Amino acid sequence: DDDEASSSSSSSSSSCITWASSRETAREELRFGITAEDILIGVKTTGIFHGTRLPVIFDTWAKDSIVEVVYLSDDAHVSGPMETVDLTKLYGVKISTKRGHCAKTDAILKYFIKYYDMKKYLVIVDDDTLLSITRLIRVLNSYNSSTPLYIG
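Residues numbered from 1 in each chain as written. Predicted model: local features only at pLDDT ≥ 70, side-chain atom pairs only at ≥ 80, totals over all residues. Heavy atoms only, no water.

Asks: Break down the nonpolar core for me, with residues and values.
Replies: Core analysis: the largest hydrophobic core is formed by 21 residues, its most contacted members being Ile39, Ile41, Val43, Trp61 and Tyr71. Contributions of two or more residues to this core are made by β3 (39-44), α2 (53-62), β4 (68-73), β6 (121-126) and α5 (133-140). Sort the elements by how many residues they give to this core and α2 lands first, with 5 residues. Filtering out sequence-adjacent residues up to four positions away, Ile41 remains in contact with Trp61, Val67, Glu68, Val69, Val70, Val123, Val125, Ile133 and Leu136. Membership of the second largest hydrophobic core comes to 10 residues, among which are Val70, Leu72, Tyr111 and Phe112. (Core = buried A, V, L, I, M, F, W, Y, C linked by side-chain atoms within 4.5 Å. Buried < 20%, exposed > 50% of the residue type's maximum accessible area, 1.4 Å probe, protein only. Helix = DSSP H or I, 4+ residues; strand = E, 2+ residues; numbered from the N terminus. Contact = heavy atoms within 4.5 Å.)

Asks: Let's hear about the packing of aromatic side chains: which residues, and what values?
Replies: Each aromatic ring pair is summarised here by two numbers: the centre-to-centre distance and the angle between the ring planes. In total, this model carries 2 aromatic pairs according to the counting rule given. When the ring of Tyr111 is compared with that of Tyr115, the centres are 4.7 Å apart and the planes differ by 45°; the resulting orientation is tilted. Residue Tyr111 and its partner Tyr115 are located together in helix α4 (residues 101-115), separated by 4 residues, close to a single helical turn. The exposure class of Tyr111 is buried, given its relative accessible area of 10%. Aromatic pair Tyr111 and Tyr116: ring centres 6.0 Å apart, planes at 50°, arrangement tilted. In this pair, the class of Tyr111 matches that of Tyr116, namely buried. Directly above the aromatic system of Phe49 lies the positively charged group of Arg53, at a separation of 3.6 Å from the ring centroid. (Phe/Tyr/Trp six-rings, centres within 6.5 Å; stacked < 30°, edge-to-face > 60°. Lys NZ or Arg CZ within 6 Å of the ring centre and 35° of its normal.)

Remember that the coordinates give geometry; whether it matters functionally is a separate question.
Printed below as a string of structure tokens:
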């Protein structure tokens, strides 16, 4: 059940434990700092992975995320709930690994500033990243959102 907290050991070491919290717990933690509405997660992807990697992200953590998730690509994918933003179409240059990851990151930052400037945090993840929204919020709540910050 998603509303119950549980724990599981992630290694044989007694000092390494992973605690899984419910979405309800994450909502309670928000009162100490930022809210889910202050965060945007941008999933950086490319056309060849739309059919394989995006469904995994969607089914594991994005589908029920209390944080808004957008899929940012060099190609359009318009079927299902994982519609992508085609950065190439928006910025007129092929945003691909041939031009370097910096070109795609630059386009993502421009997109964020143009459409999501009201958000306090932009979290850019690759299309093979699995994460805990609860832990992400907890980490971001430990930083002052009015100070420019890059964590990576």
